[in-house]
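# Coordinate inspection notes
Below are the chains, spelled out letter by letter.
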Amino acid sequence: MSPTFHAMWASLRNIGRNAESGGYRRYAWTGADADCRLWFRMQAEARGLDCEVDRNGNQWAWLGDPLAGDAVVTGSHLDSVPDGGAFDGPLGVVSSFAALDELRHRGVEFTRPLAITNFGDEEGARFGLACVGSRLAAGQLTAEAAHRLRDGDGITLPQAMAAAGYDPDAIGPDPERLARIGAFVELHVEQGRALDLTGDPVGIASAIWPHGRWRFDFRGEANHAGTTRLADRRDPMLTYAETVLAARREAELAGALATFGKIAVEPNGVNAIPSLVRGWLDSRAADQDTLDTVVAGIERAAREYAERAGIDLDVVRESFTPVVEFEHALRDELGALLKGSALRDTGRDVPVLGTGAGHDAGILSASVPTAMLFVRNPTGISHSPAEYAAEDDCVAGVIALADVLEGLACR
């Protein structure tokens, strides 16, 4: 791996890292987020790029005139899920700067503007909605809806932005900026083992599965855990637990994914029967019909359990992203560029694979031509400190991205 890549990776490694878990807590509009943004700006300035922040807090580092149009843009995000891994997001940003270094080393001449981006709040760890920065820019999240977002401490998104020195009243659609983009290519560590199974260091995304988040509110009756007979209880935790198991069954039957990964309990006492159990469902499937079937089956089971136990249930869909088919022409162009690159000495096509994970590229695909590159993850683990990509594969990712950018922006 180039010394430049190593230096960037080392300078970013400890920002927002929790000493106990070894994972990252880089949440939107926090001190760790500010440090990541400073890191991005310093990398841009060190390369003579013009760095700017758009109305939604997304960072852009420009080579060439951004107003010229038909720009080639690459990048990803720097925020994390709670105790997330080092590669999800940052690998794409670091690789983008490293790919630019590689192209300059090759002595290529750019014929189109080039930009590197850091999209804000991609993971949605703080406010519960993924891809806030790109959703706002693409007009898929209104300013009014964004202003209603709150974190677990009740702090609103506008309050958090203002405290970080940004203007929350400026957020909203940014069609003029997106109209400058001719192609957006995002590199990302694979969140699965498809490339490990094929033996390929790099792959191309075909599509992002439709996915969404649903909040299930189970309301029962608070009572004393030591004095209330089991027969007299209206315990929402039992209904929630049955719903978690139902989600697993429905997903297995449909060949889909369903996860209750977040829970909030009131009053949250060891010796208290809960009055409220709030659980968040994340569900994904290869197609819309399957996803609808799975979520409907989970909700139907939850309501049956709730009625039987005297529990009140509310279900709210908090976010949803339909299936994203990346533009075939751009996807095929990436395949042709990489098939002829030094990475492919076998003459085989670069593998094309779908993913159940959401990305900023998926949000932007409705507005601009987008594509994605994946770097092999030998364990398939993501959203965990165990997330990993080998050094040789990271190098392969940088070279692949450089080959793609050269083909798109230097012709």
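A short tour of the structure in this document, coming up. Because the structure is a prediction, the values reported are computed rather than measured.

Cut-offs applied
Numbers given for residues are sequential positions, taken from 1 along each chain in its written order. Totals for whole chains, interfaces and linings use all residues, but because this is a predicted model, local features are given only for residues with pLDDT of at least 70 and pairs of side-chain atoms are given and counted only at 80 or more. Side-chain measures here rest on the full set of heavy atoms in the structure, leaving out hydrogens and waters. In this text, helices come from DSSP runs of H or I with a minimum length of four residues, and strands from runs of E with a minimum of two, each type numbered from the N-terminal end. Buried residues are those whose accessible area, probed at 1.4 Å on protein chains only, stays under 20% of the maximum for their type, while exposed residues exceed 50% and partly exposed ones sit between those limits. All tallies of charge rest on Lys and Arg as positive and Asp and Glu as negative; His and the ends of each chain are not included. A pairing counts as a salt bridge when a side-chain nitrogen of Lys or Arg comes within 4 Å of a carboxyl oxygen of Asp or Glu. In this analysis, two residues are considered to be in contact whenever any of their non-hydrogen atoms come within 4.5 Å of each other. Each residue after the first adds 1.5 Å to the expected span of a helix. Summarising the geometry, the arc corresponds to the directions from the helix axis toward the C-beta atoms. Only the stretch in contact is used when a helix axis is fitted, and all axes are lines through C-alpha atoms; the angle between N-to-C directions ranges over 0 to 180 degrees. Oblique is the label for every angle not falling under 35 degrees (roughly parallel), over 145 degrees (roughly antiparallel), or within 65 to 115 degrees (roughly perpendicular). Working rule for handedness: look at the near helix, and if it is turned counterclockwise from the far one by less than a right angle, call the crossing left-handed; if clockwise, right-handed. Side-chain classes are defined by residue name, with Ala, Val, Leu, Ile, Met, Phe, Trp, Tyr, Cys and Pro counting as nonpolar, Asp, Glu, Lys and Arg as charged, and the others, Gly among them, as polar. Ring pairs are drawn from Phe, Tyr and Trp, using the six-membered ring of Trp, whenever the two centres fall within 6.5 Å, and their geometry is named by plane angle: stacked under 30 degrees, edge-to-face over 60, tilted for the rest. We count a charge as sitting over a ring when the NZ of a lysine or the CZ of an arginine lies within 6 Å of the ring centre and within 35 degrees of the ring normal. A strand pair is defined by DSSP finding two or more bridges across the two strands. The term polar contact refers here to a pair of N or O atoms within 3.5 Å; inside protein, the definition further demands a hydrogen-donor-capable atom paired with an acceptor-capable atom, and it admits residues adjacent in sequence only when both atoms are side-chain atoms.

Our next topic: the side chain of Asp360. Take Asp360: it is sitting in helix H12 (residues 360–364). Nearest to the buried, unbridged Asp360 among oppositely charged side chains is Arg135, at 7.7 Å. Apart from residues no more than four positions distant in its own chain, Asp360 is found in contact with Ser76, His77, Phe119, Glu122, Cys131, Ser134 and Glu186.

Here we take up helix H11 (residues 328–339). Over its twelve residues, H11 runs 16 Å from end to end, which matches the ideal 16 Å to within 8%, given 1.5 Å per residue. Restricting attention to buried positions, one finds in H11 the residues Leu330, Arg331, Leu334, Gly335 and Leu338. Seen from one end, H11 has its buried residues packed into an arc of 145°, which puts them on one side. Counted as exposed and oriented over 90 degrees from the buried face of H11: Ala329 and Ala336. Buried-residue contacts for H11 involve strand S5 (181–189), strand S6 (202–208), strand S13 (324–325), strand S14 (352–355), strand S15 (370–375) and helix H13 (391–409).

Closest axis-to-axis distance for the helix H3 (residues 90–106)/H13 pair is 8 Å, and the angle between their directions is 60°. The orientation of H3 relative to H13 falls into the category oblique. As H3 packs across H13, the resulting crossing turns out to be right-handed. Here Leu91, Ser95, Ser96, Ala98, Ala99, Glu102, Leu103 and Arg106 of H3 lie close against H13, whose contacting residues are Cys394, Val398, Ile399, Leu401, Ala402, Asp403, Leu405 and Glu406. In terms of residue class, the contact of H3 with H13 is built from ten nonpolar, two polar and four charged.

Considering all chains together, one arrives at 13 aromatic pairs under this definition. Among the aromatic side chains, those forming a connected cluster through ring pairs are Phe5, Trp9, Phe87 and Tyr388. Lying across the ring of Trp280, Lys262 places its NZ or CZ 4.5 Å from the centre.

Working definition: the strands of a sheet are paired by backbone hydrogen bonds and lie parallel or antiparallel to each other. With antiparallel pairing, four strands are arranged side by side in an open sheet as S9-S11-S7-S12. Two strands lie at the open edges of the sheet, namely strand S9 (257–266) and strand S12 (312–321), each paired on one side alone. When the angles between neighbouring strand axes are averaged without regard to direction, this sheet yields 20°. The sheet contact formed by strand S7 (residues 211–219) and strand S11 (residues 276–284) spans nine bridges and is antiparallel. Along S11, the bridge assignment pairs Arg213 with Asp282. Where helix H9 (residues 236–254) meets the sheet, it contacts S7, S9 and S11, and its direction lies at approximately 170° from that of S9.

What follows deals with the environment of Arg112. Relative to the helices and strands, Arg112 resides in the loop between H3 and strand S4 (114–119). Since its relative accessible area comes to 13%, Arg112 is described here as buried. Along the primary structure Arg112 and Gly64 are separated by 48 residues, whereas in three dimensions their C-alpha atoms are 7.5 Å apart. Discounting residues that sit within four places of it in the chain, Arg112 has contacts with Asp70, Ala71, Val72, Gly182, Ala183, Leu408, Ala409 and Arg411. Among the polar contacts listed, one links the side chain of Arg112 to the backbone oxygen of Leu408, at a separation of 2.9 Å.

These figures capture arrangement, not role.
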